[in-house]
Amino acid sequence: MATQRQPSTSSDAFSFLSKGWREVRDSADADLRLMRDRANSFKNLATSFDRELENFFNSAAPPFSVPAMRSPPPPPAEIEFMKKLQPKLSEFRRAYSSPDFSKKVLEKWRPRSRIRIDLSAIKNAIVSEDWISDFERGKRKEESETQDWEPIRALKTRLKEFEKRSSSFDGFKNSEFLEKFKASLKSMCKEPEESKEVPPLDVPELLAYFVKQSGPFLDQLGVRRDICDKIVEGLYSKHKNNLLLQSLSGEETSVVGNGNINDELDSRIASVLQSTGHRCDGGLWTDHAKHDISDNERHVAIVTTASLPWMTGTAVNPLFRAAYLSQSAKQRVTLLVPWLCKSDQELVYPTNLTFTSPEEQEVYIRNWLEDRIGFKADFNISFYPGKFSKERRSIIPAGDTSQFIPSRDADIAILEEPEHLNWYHHGKRWTDKFNHVVGIVHTNYLEYIKREKNGALQAFFVKHINNWVTKAYCHKVLRLSAATQDLPKSVICNVHGVNPKFLKIGEKIAAERELGQKAFTKGAYFLGKMVWAKGYKELIDLLAKHKADLNGFKLDVFGNGEDANEVQSAARRLDLNVNFQKGRDHADDFLHGYKVFINPSISDVLCTATAEALAMGKFVVCADHPSNEFFRSFPNCLTYKTSKDFVEKVKEALANEPYPLTPEQRYQLSWEAATQRFMEYSELDSVLNKEKDGPKSSADNGKLIAKSVSMPNLTDLVDGGLAFAHYCLTGNEFLRLCTGAIPGTRDYDKQHCKDLHLLPPQVENPIYGW
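Let us look at the structure shown here. Throughout, a residue's number is its position along its own chain's written sequence, starting from 1. Restriction of local features to residues with pLDDT of at least 70 applies here, the model being predicted, together with a cutoff of 80 or more for giving and counting side-chain atom pairs; totals for whole chains, interfaces and linings are based on all residues. Hydrogen atoms and water are omitted, and side-chain values are computed over all heavy atoms in the structure.

### Regarding the overall build of the protein chain
We count a stretch as a helix when DSSP gives it H or I for four or more residues in a row; a strand needs E for two or more, and each element gets its number in order from the N terminus. Scanning the protein chain from N- to C-terminus turns up 32 helices and 14 strands. The rule is simple: take the accessible area with a 1.4 Å probe, protein chains only, and divide by the maximum for that residue type; under 20% is buried, over 50% is exposed, in between is partly exposed. Every one of the 770 residues in the protein chain was classed for burial, and the buried ones make up 43%. It only takes one pair of heavy atoms within 4.5 Å for two residues to be counted as in contact. Restricting to contacts in the protein chain with at least 6 residues of sequence separation, those with at least 24 account for 73%. Only the protein chains shown count as covering a residue, and every accessible area follows the Shrake-Rupley method with a 1.4 Å probe. For the protein chain, the accessible surface area stands at approximately 43600 Å², while carbon and sulfur atoms represent 53% of it.

### Focus on the environment of H420
Its place among the elements puts H420 in helix α17 (residues 418–422). Sequence separation of H420 and P397 is 23 residues, and the distance between their C-alpha atoms is 9.0 Å. H420 has contacts with T305, S394, I395, I396, P397 and Y445, leaving out every residue within four places of it along the chain. Polar contacts involving the side chain of H420 include one to the main-chain carbonyl oxygen of I395, which spans 2.7 Å. Here a polar contact is taken to be a pair of N or O atoms separated by no more than 3.5 Å, where protein atoms must pair a possible hydrogen donor with a possible acceptor and residues adjacent in sequence count only if both atoms sit in side chains. Here Y445 takes part through its side chain, which lies 2.8 Å from a polar atom of the side chain of H420.

### So, the packing of aromatic side chains
Only the six-membered ring of Trp is used, alongside the rings of Phe and Tyr, when aromatic pairs are assigned; centres must lie within 6.5 Å, and planes under 30 degrees apart are stacked while those over 60 apart are edge-to-face, with the rest tilted. Considering all chains together, one arrives at 22 aromatic pairs under this definition. When the ring of F355 is compared with that of Y364, the centres are 5.6 Å apart and the planes differ by 55°; the resulting orientation is tilted. Overall, F355 belongs to the buried group, its relative accessible area being 6%. By relative accessible area, which is 30% here, Y364 ends up partly exposed. Judged by centre distance (6.3 Å) and plane angle (55°), the rings of F630 and F634 are tilted. By way of ring pairs, the aromatic residues Y525, F526, Y536, F558, F590, Y594 and F597 are connected into one cluster. Directly above the aromatic system of F678 lies the positively charged group of R321, at a separation of 5.4 Å from the ring centroid. The lysine or arginine in question, R584, covers the ring of F590, its NZ or CZ lying 4.5 Å from the ring centre. Distance and angle both matter: a charge sits over a ring if NZ of Lys or CZ of Arg is within 6 Å of the ring centre and within 35 degrees of the ring normal.

### A short note on helix α24 (residues 608–615)
Among the 8 residues of α24, 7 are classified as buried, and the element is accordingly described as predominantly covered. In this fold, the buried residues of α24 make contact with α21 (500–514), β9 (522–527), β12 (594–599), β13 (619–623), β14 (637–640) and α26 (663–669). Phi turns positive one or two residues past the end of α24, at G617, with a value near 85°.

### With respect to the pattern of salt bridges
Definition used for salt bridges: Asp or Glu carboxyl oxygen within 4 Å of a side-chain nitrogen of Lys or Arg. Counted by the stated rule, this structure contains 28 salt bridges. The partner of K387 in a salt bridge is D749, with the nearest N and O atoms 3.4 Å apart. In this pair, K387 is assigned in strand β3 (residues 380–389) and D749 in the loop between α31 (733–738) and α32 (750–756), connecting sequence segments 362 residues apart. For D719, the salt bridge identified is with K471, shortest N-O distance 3.2 Å. Taken together, the positions of D719 in helix α30 (residues 714–730) and K471 in helix α20 (residues 455–473) put the pair 248 residues apart, joining distant regions of the chain. There is no split in this pair, since D719 and K471 are both buried. In the salt-bridge network here, residues are joined through shared partners; they are D371, R372, K501 and D585.

Spelled out as C-alpha cells, the structure:
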C-alpha cells in the first residue's frame, strides 16, 4: 500500500511547488513592470519640460534684425534674466539627457532591498542531485529580490506547510520512483537501433579472398608473394570502388576504409559469416584428439637428426637446449635422437666408437653434457630408428618418428631441422598430434646442393620441398640467420648459445692477461669437418691467390672428414703453408694458445666454432656473410668482403691483441640468453603461460576472436591438403627412391626392432588421419 501512495504524494508535491513558483514569478513581473512604467513616465515628463524650454527660448529671441544705423533700445529685464539662466539650463539639460540618467532614476525608485532567489538551495532541499527539476529548466529573469520580500515569505510559509503535510518526504528521495522514472526517460529518448544488414559478398571479394588463401599453393608453383598481394589489392580495390558508387552509409564505408587490405578483407568475410550465424568448428584435415593440458602439466619434445658422439651442430645444440629448458619447472623435456645400427655407427661415429644398446649411448651423452654444463640436467632421452645416407651424409628417420612420443606427452614439439626430418616423413602430422610445433633451421642445404652435379636443378626442387614440408608440419619456424632460404611462418633469430666451458676458458685467459702473462703463444688455425662444403674450398682459394702477400704465414688445420684426402692433396699441389692435423675438440687445451681463428665458410647458417672462438677471447676472421651477422657486434670479429681485404684482416689480427669480453658480451653468447631468445621468438613462453581455459580476451582483439570463431581458416585447409598430399607421395616406395630416399626407410627394419625393443611395423593404414 505504501508503494501505491508514494507516487500520489510526489505528484501533490510538484503541483504545490509549481503553483507557488508561478505566484512568485507573476508577482515579480508585476513589480518590474510598475518600475518600468514609473521610469518611462518620468522620462516623458522630462522630455516635455525640454520642449517647453525650447519654446521659451525661441519666444525670447527678437523677431527681426534692427538696422545698424539705429542704436538698439535698452534690453528688457526679462531678457537679461533669461541670458543669465541659459548656462544653468544647458547644464541641467546635459545632465538629464545622459544615458545614465534613467539608470540613476531606477536605482532611486526601485525597492531598497534586493531579491536573491537561490534556486540551488530549493533544488537540494527537494530532490537529489541526479533529479532534473523544473526549477533549473526555468529562466532566471532577475536576481534582485530580498528575503524580506512578500512573495519569498509566502513561499517559505508554504514550504513549511508542505513539510508538515509530507512526513515521509525523506523516503521519497531514496525511493525507487526516481530510478524508474529516469529509466523510462532513457528508454523514451533512446533511438531505436536500425537494422544493419550486411551486404553479401560480390565476385571481386570472393576472388580476392581465394587468391589470398591460395598464397601457399601459388608459392609452391613459383608465384611470388608480392605478386599475390598485388592481385588481392587490385581485386579488393575494385570492390571498394563499387561500394562508393553505390553511396553506402557512413557506417558501411568505415568497414572498407583505407586500412590494411588483408585485415579489411578478413573483417569483411567475418562480418558476412557472422551475419549468417556460421561458426567454424574445424577444418577438413583437423584432428581434435590432441594432448589435454587441463592438469596444467606441459611437456616439450625436442626431435633432432643427429646424436653424440657425432660432433655436429644438430647433435650438440639440441642437447644443450634440452638441458637449459629442463631448468624451468613449467615443463618436462624429452630429447628424441636417432638410433643407428652398428653398421651405421661405424660410418658416422669417430674413432670407431660404437654402442650395443640405447642405454649405453644415453650414459655417454649424459656424461659428456654434465662435464660441460656443470649441473645435472633433468630430462628424458629417447631414441627413434634412423639410417645413415652416404650420399647425403646425414641420418634419415625410418618410419613414423612422431609415434615415439606418447600421446599423453604430445604437447609441444621442437623439430631441429624440420625440413630434414620431414623430407620422407610418412606418418602422423606433427601439427595434428601436438598443440604447438616449432621448427629450427640449422643447415643451408641449398648451398650444399648447388655444389653437386646438376646442383641448380636439384636446389630448385629442394627449395620448394622445404617450403612444402615446413608449412605443412610447423606452426612456427626459426631461422638462425638469413643465410637460409625464406621459409613460410619463419623469423630470423640466433637461438644457439656457447658451451659454458668455452666461456670459462675465456675468463681464464682474460685473468692471465690481466696478470701480465702471455695468453696467446700461437698464430692462426682453422677447425671443422673436412668436407669441401665446410669452407675448405674458399680457404685454399684465398691462400693460393695471396700466397705472396701472406709470405711467412702458417695455418694449422684440424679436422676429419670424407674429403680429407682431396683437401690435403690440393693444398700440397699448390704448395700452401698449411699444416693438417687430426680433428680435436675445440675446448682441447692444445688449442687455447692460438690467437686467430680463420673461418672462410659461406655455407654455414651459424658457425658454432666461430662463437666458441669468440667466447675464448680470440680474434675471428670471417667472411662478410649473413651467417656471421650475429657476430659483427663483437669487436674481435673481423669480417672481410674481398680477398684483398682478407689479407689485411689476417695481418691486423696477427699484429694486435684481442679485446677482453665485457659481461654483456659473455651473456649474449651464453645458453641462458639463447634460451630466453628462443622462448620469445618461438612464442613458447606465451604457449606455456596460457591458461587451461585459453588466452585472455581483450578489447583490442575482440575482432580477432570473432573472426577465429566465424571464419573458416583456409590457410589451415591448404596446409592440411599439403600434408595429405605429402603423405600420399611418401607412401609410394618408387617415388621415395626417385627422390633419393634410402631403400626401406618408410618403416623401420628388424634390426631396429631388436635394438629398440619395438614391435614389427603394422600393415599400412590407407586412410590418413581418420
